[in-house]
Structure formats: C-alpha cells, structure tokens
Amino acid sequence: MDSLLQATDGLFRLIALKGAVWGGVASFLLCVLLIITKRWHGALTMDFTDGVQKFHTAPTPRIGGVPIILGLIVAWSKSPDNVQEILTPILIAGMPAFLFGLAEDITKSVGVVPRLLATIASGLFAWWMTDCSLSRIDIWGVDELLKFTLVSVIFTAFAVGGVANAINIIDGFNGLASATTTLAFIGFGAIAWQAGDITLASLALVLASCVCGFFWVNWPFGKLFLGDGGSYFIGFALAWLAVLLIERNQSVSAFAALVICIHPITEVVFSLYRRKVRAQNPGMPDRQHFHSLVKRRYVARWFGRYSNRVRNSITGIVVALMTLLSVIVANLVYTSILLSGLSALLLALGYVYIYMRMVRHEWLLQLPKINKLKNEG
C-alpha cells in the first residue's frame with residue numbers, strides 16, 4: 001500500500017511539473033509573439049516615455065499580463081485535477097483586477113480608485129467561488145473578530161486588494177515585479193511543501209513558472225512590460241495563494257505570509273506615510289519609491305557608464321532579490337508566530353532604515369526629515 005501511495009504521489013508531482021513547464025513555455029512564446037507583432041497592436045498597447053514614473057527610453061508594449069493569463073490557461077489544461085480545482089477560481093476571480101488594469105494599459109484613462117475597487121472585487125469574487133476567507137491572522141482580538149463571516153470576508157477582500165496594488169506600485173524597472181512575485185510564489189510553495197500541502201505547492205510552481213516565462217522577455221532588455229493588468233493579476237494571485245496557505249495549513253503562521261510579501265506591503269504603507277507628510281494625494285505618482293532611489297543613489301553612481309536600459313535592469317533585479325531574504329527567513333520560521341512576527345517587523349524596519357539612508361545620505365533615522373524629499377526630483 002505504501003509503495004502504491006508513493007507511486008501515486010510521484011505521478012501527481014510529475015503531472016504538476018508538466019503543467020508548470022507547459023505554462024512557462026507558453027507564457028514565454030506568447031510574450032515573444034507580442035513583441036514580434038507590436039507594429040500591429042502598438043498604437044493601443046505601447047507605454048510611451050512621458051510621465052513622472054517613466055524610466056524607459058523607448059515606447060514598449062505594456063500588456064505582458066495577457067501572455068501570463070494565457071500561459072496559466074495552458075498550464076491548467078496540463079495540470080492534475082486537484083491543481084485545476086484551485087487554479088480555476090484564481091483565473092476567473094482575477095478577471096476584474098486584470099481587465100480594469102488592462103483597460104488602463106490601453107486607454108490610459110482608468111482612475112486609481114476604480115482599479116483599486118476592481119482588485120477588492122476580485123477578492124470578494126474569490127471568496128464567493130471558494131467560500132474561503134481569512135479566519136485568523138494570529139493577532140489576539142483580531143482573530144476573534146474574524147470568526148464573523150462578514151468581517152472575515154471584508155478583511156480578506158481589502159487585504160487581497162492591498163497586495164495587488166502593492167505589486168503594481170513596485171512595478172517600476174525591468175524584472176522587478178516579475179522576479180519579486182516569482183520568488184514569492186516559490187517561497188509560498190516551499191512552505192506548502194514543508195507543511196505537506198503538495199497540491200498548493202504545485203499551484204505555486206505553476207504560477208511561478210508562468211510569471212517566469214514573462215520575466216525572461218522583460219529582463220534584461222525590457223522588450224515587454226507587465227502593465228497594470230499583469231501586475232494587478234499576479235498581485236491578486238499572490239495574495240490569494242497566501243490566503244489559501246494560511247487557511248489550508250493551521251501549522252503555518254499568518255505572519256510567515258506577511259514576511260514573504262513584506263517588501264511590497266511596506267512600500268505601500270510607507271508611501272502613504274510619506275505622501276501624508278508631504279501633503280500629497282495618496283494616489284499621486286512620484287519618483288520617491290524605494291526602487292527609484294536605489295537607481296538614483298547607487299546604480300546611477302556605480303554603473304553610470306552603462307545605458308539607462310542596463311541601469312534599469314540592474315536596479316530591478318537588485319531590489320527584487322530582497323525578496324529572496326524574506327523567502328529564506330519565512331521558510332525557517334513559518335511554524336512560529338513569535339519568530340515570524342518578529343521577522344516581519346525587523347524586515348519592515350530594515351526597509352525604512354535603508355530608505356532613510358538613501359534620503360539623508362547618512363545612517364540616521366529621523367522620519368520627520370522626510371520632508372527633504374520635497375526638493376528632490
């Protein structure tokens with residue numbers, strides 16, 4: 001009987017790996033196809049170089065989310081039934097986030113609020129399809145409130161929307177968002193595998209593979225951008241994978257999921273803080289994000305002899321690799337609420353500390369001095 005179970009488990013893993021490979025290859029080839037045919041669709045899909053947050057030097061298609069979605073559909077068709085069962089709600093429920101983002105990519109006229117509401121709607125839709133929402137975040141008192149279905153669903157929807165928008169915010173340089181999420185998917189998959197949830201680990205592998213297919217076209221040459229549609233969708237998928245990991249595996253601390261996503265989440269929270277300090281609209285774009293400062297403070301100084309495209313790619317991969325530390329830490333402490341909570345706090349403080357170092361050019365943490373940013377471009 002044991003040998004039969006081992007053979008069945010091995011076959012399941014082989015089929016899941018097959019789905020991931022098919023999805024990654026399909027995503028990559030479809031990305032290449034979009035680049036080859038850009039003269040046909042470029043009038044609608046190009047991201048031009050004018051704008052506060054624009055760092056690229058040539059018009060580039062910004063619909064990289066389309067091949068990722070199509071790659072996931074291919075992966076779905078080649079995956080085991082168990083993986084299909086949990087991938088289906090992600091593909092369907094993620095459509096509001098994806099379509100509103102894609103509409104912005106094409107029309108450049110969809111506001112921040114409608115896109116934020118669309119990502120929240122995707123979270124609600126996912127709950128409606130699966131009857132799954134966060135019942136705990138391992139914080140005393142809050143967990144008691146999450147026992148009420150309405151509170152749980154609303155909290156989950158806003159958390160999902162927040163992560164989706166966080167991925168969109170960090171999508172600033174070649175490879176940054178796609179490498180960050182690929183590492184995060186792998187991190188969640190590794191925790192799921194350690195917890196014995198092979199189905200969820202397989203899903204994480206499929207998601208990582210399809211995003212990775214896009215990554216090799218986006219980095220290092222920036223031939224295709226993720227766009228709002230792509231960043232919102234993979235952000236939603238990342239958030240929903242975290243929800244499933246916490247709800248399906250009681251041995252996994254909710255803070256472990258926070259540790260893996262700590263960079264984009266901290267970026268959002270800290271951006272809201274500094275914009276409040278500067279009396280700016282929270283939705284106003286600027287050039288003061290963590291990744292922007294890394295490029296201007298360090299990459300531009302150390303790699304100034306290289307082209308802007310190369311500097312963009314260096315910045316993207318350097319900042320994305322911060323998630324590797326989060327993934328390693330989370331996989332070491334995922335069973336401990338205390339250790340994973342402390343890890344999340346220390347990593348968030350580390351982010352803020354490094355940010356202030358880049359602003360002040362010295363290792364001092366005086367948050368009120370963040371107003372210095374007012375005079376910087």
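Since we're looking at a predicted model, the values are computed, not measured.

On to the overall build of the protein chain, then. From N to C terminus, the protein chain includes 17 helices and two strands. Summed over its atoms, the accessible surface of the protein chain is roughly 16700 Å², and 70% of this surface lies on carbon and sulfur atoms.

So, on to the nonpolar core. Leu72, Phe188, Leu203 and Trp240 are the most contacted members of the largest nonpolar core, which has 90 residues in total. At 13 residues, helix α11 (residues 227-248) tops the list of elements feeding residues into this core.

Structurally, Val151 is set in helix α8 (residues 149-170). Through-space distance from the C-alpha of Val151 to that of Leu134 is 9.4 Å; in sequence the pair is 17 residues apart. Apart from the residues lying within four places of it in its own chain, the contact partners of Val151 are Leu145 and Leu146.

Going through the model one piece at a time under the given rule, you end up with twelve aromatic pairs. Measuring from ring centre to ring centre gives 5.8 Å for Phe125 and Trp128, while their planes differ by 35°; the resulting arrangement is tilted. A residue pair is termed a helical-turn pair when its members lie 3 or 4 positions apart in one helix, as Phe125 and Trp128 do in helix α6 (residues 112-130) at three residues. The class for Phe125 is partly exposed, based on a relative accessible area of 28%. With a relative accessible area of 63%, Trp128 lands in the exposed category.

In this section: the pattern of salt bridges. Tallying each qualifying case throughout the model produces six salt bridges. As a salt-bridge pair, Arg62 and Asp105 come within 2.8 Å of each other at their nearest N and O atoms. Taken together, the residues Arg62 in the loop between β2 (60-61) and α3 (65-77) and Asp105 in helix α5 (residues 95-107) connect sequence positions 43 residues apart. Look at Asp105 and you get buried, because its relative accessible area is 1%. Where Glu144 meets Lys147, a salt bridge forms, and the shortest distance between an N and an O atom there is 3.2 Å. Residue Lys147 is classed as exposed on the basis of its relative accessible area of 61%. One salt-bridge network, held together by shared partners, links Arg62, Asp105, Arg115 and Asp228.

Among the secondary structure elements, Thr199 is positioned in helix α10 (residues 198-218). Spatially, the C-alpha atoms of Thr199 and Pro80 are 9.0 Å apart, while their sequence positions differ by 119 residues.

Our focus in this paragraph is the packing of helix α9 (residues 176-194) against helix α16 (residues 322-333). Closest axis-to-axis distance for the α9/α16 pair is 9 Å, and the angle between their directions is 10°. Taken together, the axes of α9 and α16 are roughly parallel relative to one another. Between α9 and α16, the contacting residues are Thr180, Leu183, Ala184, Gly187, Ala190, Ile191 and Gln194 on the first element and Thr323, Leu324, Val327, Ala330 and Asn331 on the second.

On to unusual backbone geometry, then. Geometrically, the link from Trp219 to Pro220 is a cis peptide bond, its omega value of 10° lying close to zero. Considering the arrangement of structural elements, one finds Pro220 in the loop between α10 and α11. Positive phi values are uncommon outside glycine, yet Lys108 reaches one of about 60°. By the element assignment, Lys108 lies in the loop between α5 and α6. A residue is classified by how much of its surface remains accessible, and Lys108, at 37% relative accessible area, is partly exposed.

Along its 22 residues, α11 runs 31 Å from first to last C-alpha, staying within 8% of the 32 Å computed at 1.5 Å per residue. Counting buried positions over the 22 residues of α11 gives 21, a clear majority of the element.

Glancing now at the confidence of the model for the protein chain. Per-residue confidence for the protein chain gives a mean pLDDT of 89; residues scoring 70 or more make up 87%. The low-confidence segment residues 50-54, where pLDDT is below 50, has eleven contacts with residues more than four positions distant or belonging to other chains. Of the regions scoring below 50 in pLDDT, residues 363-370 engages in 20 contacts with residues more than four places distant in sequence or in other chains.

Moving on to the environment of Tyr334. Position of Tyr334 among the secondary structure elements: in the loop between α16 and α17 (337-360). Note on Tyr334: relative accessible area 10%, which makes it buried. With 139 residues separating them along the chain, Tyr334 and Ala195 place their C-alpha atoms 9.5 Å apart. Leave out the neighbours within four places in its chain, and Tyr334 touches Ile191, Gln194, Ala195, Ser251, Val252, Ser253 and Ala256.

Reading guide: rules and limits
- Residues numbered from 1 in each chain as written.
- Predicted model: local features only at pLDDT ≥ 70, side-chain atom pairs only at ≥ 80, totals over all residues.
- Heavy atoms only, no water.
- Helix = DSSP H or I, 4+ residues; strand = E, 2+ residues; numbered from the N terminus.
- Areas by Shrake-Rupley, 256 points an atom, 1.4 Å probe, with all protein chains shown as cover.
- Core = buried A, V, L, I, M, F, W, Y, C linked by side-chain atoms within 4.5 Å.
- Buried < 20%, exposed > 50% of the residue type's maximum accessible area, 1.4 Å probe, protein only.
- Contact = heavy atoms within 4.5 Å.
- Phe/Tyr/Trp six-rings, centres within 6.5 Å; stacked < 30°, edge-to-face > 60°.
- Salt bridge = Lys/Arg side-chain N within 4 Å of Asp/Glu carboxyl O.
- Axes fitted to C-alpha atoms, helices over the stretch in contact; angles between N-to-C directions.
- Parallel < 35°, antiparallel > 145°, perpendicular 65-115°, else oblique.
- Expected span 1.5 Å × (residues − 1).
- pLDDT = per-residue confidence, 0-100.

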